[in-house]
Amino acid sequence: MPMKTGFSARRRTVRNGGTRDSLGRPPTVVIGAGPYGLATAAWLSAAGTPRRVFGEPMECWHTNMPMGMFLKSVPTASSISAPESGYRFEDFRTARGLGPVGDLYPIPVEEMIAYGRWFQERRVPELERRNVRGVEHVDGLFGVTLDSGEEFLAGNVVMATGQVPFAHEPAELTGRLPGELVSHTSGHRDLSRFSGQRVAVLGAGQSALESAALLHETGALPTVIARAASVAYGSPPDTDRPSDRPRPVRILKPGSALGPGWSHVACCYGGGVIRRLPRGTRMRLLHAVLGPSGGWWLRPRMDDVPVLCGRTIRSAGAEDGTVRLDLVDSTGHTRVLRADHLLLATGYRVDVDRLGLLAPELRREVRTFRGAPRLSSGFESSVPGLFFTGLAAAPTFGPVLRFVAGTGFAARRAAGSLAAGTRDRP
Ligand SMILES: Cc1cc2nc3c(=O)[nH]c(=O)nc-3n(C[C@H](O)[C@H](O)[C@H](O)COP(=O)(O)OP(=O)(O)OC[C@H]3O[C@@H](n4cnc5c(N)ncnc54)[C@H](O)[C@@H]3O)c2cc1C
C-alpha cells in the first residue's frame, strides 16, 4: 500500500533531477560511492540508464578504517569493476607512474582510497557528493530526500551503503558500558588517540589483529580477546605472480580472487548457484569461507601483543572510569581483565532494520531472512525497484560479495536487470 506522507502530498511539485529517460521514467538512484556504488554506476552508465549517484567517494575507507591499514586482498582482487578496460587497480598504478605489483604487495589503504577516487573521477564523474537523508515509497516510486533538503522521485533505488550500518555489538555487551569506554572498530580512523592506554580488543579476525598491531605501534597497550582456541594467520603466497606457480599446483589449487582453491573459484563465479542453495547452507558458507584470520604480513607485528584465546566475556562493566571484563575459558576458569577501553572488532551483521535511511514502512515491506533482504537474481528485493548490493547481498550470493572482488558480479547483474526491466522472484 502506498504511504500517505508529506512527500506524496508534495510529489507533483518536487524536482526530478532532470534525468528522466526517453519514456519519461524517473532516474535510478545509487546511494553510496564505495566500490559497489561506483561499479554499479559505471555499469548503469554503459547501459545508458538515467541515474543519480550520491555519496563521498570511498568515504568508508577513509573514515571507518584505520590509517596505516593494509588490504588483505591482493592487487588482482582489488579492482572496482567497469564494463570497459582501463580502470583496474593496475591501470591506476600505471597512470600514476607506479610499477606493477604482485601478490606479495599488501596495498596500503591510502592507495586504495586514491584508486577509488581516480576510478570515480574517470568513470562516475556524475557523482553528486551529497548524502541521502531518506527514501520512502510513494505510489510505486521512491521519494528521495537529500541532506540539502532537495526532494525528487526515483524509479529505482540501489542501496550501496556498505557495511558500517551493520556494525555488530555482541548482545551481552549492549548497555553494559558507557559510550566513552567501548566502541566498534568502524568508529576509528586514527587509533593513536589510545596511545598510552590499555585497550582490550575483542575478536580474532583481520580487523582485531590489525587494530591490535596498529595500537601497539602507536604506543597503546592492546590485549586481544578471542573466543577461538587460537588465532590464525594466512601464509604468504608461494610466488608473487600466480602464473609462476607450477602447473600441477595451479590445476590442484587454481587461483581466484578469494585465493587459491576450487571452493574459492566456485564462490567467485557461482553466486547465481549459491543463491539457490538452502538458506542455512548459504549462511554457513558465508561464515566458513575466508573465516577469521590475519594477513600473513601481520604475524611478526603481533609478536609483542598479548592474545588471550579460548576466552569469552562473562560480564562487563565500568569500574572507576575503566572497563572491567570477567573472562571465562572453556574449563570455566575466570580471570578479570581491566582496560581503559574495549574495542569491538566483532564484524558486521546484515539487518535491513538498521538502515534508518529507509522509511520504517519501506523497511517493513522488504522481505528478509535472518535480517538480510531476499534478492532476485538481479539483486532486486521484494519491493520492486529497490535493490541491495555489497555486504547486504552476501547472504544471498555468498562470500565474494564481502569483498571488492564481487563488484563485477554484482554490478553487471544489477545493471543488466535494471536495463532489461525483467524481474524474477526474490
Ligand atoms: C577493516 C576492513 C578491511 C577490509 N579489507 C578489505 C580488503 O582487503 N579487500 C576487500 O576486498 N575488502 C575489504 N574489506 C571489505 C570492503 O570494505 C568492502 O568489500 C567494500 O568496501 C564494500 O564496498 P561498498 O561500496 O559496498 O561499501 P563501502 O565501501 O562501505 O561504501 C558505502 C558507501 O556508502 C556511503 N553511504 C552510506 N549511507 C549513505 C547515504 N545516506 N548517502 C550517501 N552515501 C551513503 C558511505 O559513506 C560509504 O562510502 C574490508 C572491510 C573492513 C571493515
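Structural data are supplied above this passage.
Note that the coordinates shown come from a computational prediction; the quantities given were computed from them, not determined experimentally. (Residues numbered from 1 in each chain as written. Predicted model: local features only at pLDDT ≥ 70, side-chain atom pairs only at ≥ 80, totals over all residues. Heavy atoms only, no water.)

With respect to the packing of aromatic side chains
The final tally for this structure, using the stated rule, is 13 aromatic pairs. Ring centres 4.2 Å apart and planes at 15° place the aromatic pair Phe379 and Phe397 in the stacked group. Of this pair, Phe379 sits in the loop between β16 (372-373) and β17 (386-388) while Phe397 sits in helix α12 (residues 394-397); the two residues are 18 residues apart in sequence, bridging distant segments of the chain. One exposure class covers both Phe379 and Phe397, and it is buried. Measuring from centroid to centroid gives 5.5 Å for Phe397 and Phe409, while their planes differ by 65°, and the two rings are edge-to-face. Here the residue Phe397 occupies a position in helix α12, and Phe409 occupies one in helix α13 (residues 407-420), the gap between them amounting to twelve residues. Given the relative accessible area of 0%, Phe397 is considered buried. (Phe/Tyr/Trp six-rings, centres within 6.5 Å; stacked < 30°, edge-to-face > 60°. Helix = DSSP H or I, 4+ residues; strand = E, 2+ residues; numbered from the N terminus. Buried < 20%, exposed > 50% of the residue type's maximum accessible area, 1.4 Å probe, protein only.)

Description of the nonpolar core
Counting 81 residues, the largest nonpolar core has Trp61, Val157, Phe379, Leu386 and Leu401 as the members making the most contacts within it. The element best represented in this core is helix α2 (residues 35-46), accounting for seven residues. Once residues lying within four places of it in the same chain are set aside, the contact partners of Phe379 are Leu386, Phe387, Phe388, Thr389, Ala393, Phe397, Leu401, Phe409, Ala410, Arg413 and Ala414. Within the second largest apolar cluster, 22 residues are counted, among which are Leu209, Ala213, Ala220 and Tyr233. (Core = buried A, V, L, I, M, F, W, Y, C linked by side-chain atoms within 4.5 Å. Contact = heavy atoms within 4.5 Å.)

Description of empty space enclosed by the protein
For the structure on display, the rule yields one cavity of 30 Å³ or more. In this structure, the largest cavity spans a volume of roughly 50 Å³. Together, Met159, Ala160, Thr161, Gly162, Phe166, Leu355, Phe388, Thr389 and Ala392 line the largest cavity. (1 Å grid on protein atoms, 1.4 Å probe; cavity = no way out; pocket = protein on both sides within 12 Å on 5 of 7 lines; lining within 4 Å. Points joined across faces, edges and corners; volume = space filled by probe spheres on them.)

Here we look at the sheet that holds β17
One open sheet accounts for four strands, arranged β2-β1-β6-β17; its pairing is parallel. Two strands lie at the open edges of the sheet, namely β2 (51-54) and β17, each paired on one side alone. Ignoring which end each strand starts from, the neighbouring axes of this sheet average 15° apart. Strand contacts of α13: β1 (28-31), β6 (156-159) and β17, with the helix running at about 170° to β17, the strand carrying the most contacts. (Pairing = 2+ DSSP bridges. Axes fitted to C-alpha atoms, helices over the stretch in contact; angles between N-to-C directions.)

Concerning the pairing of strand β14 (residues 341-344)
Alternating residues of β14 divide into His341 and Leu343 and Leu342 and Leu344, and every residue in both groups is buried. Note: strand β8 (residues 198-202) against β14, four bridges, orientation parallel. In the strand pairing of β14, Val201 is matched with Leu343.

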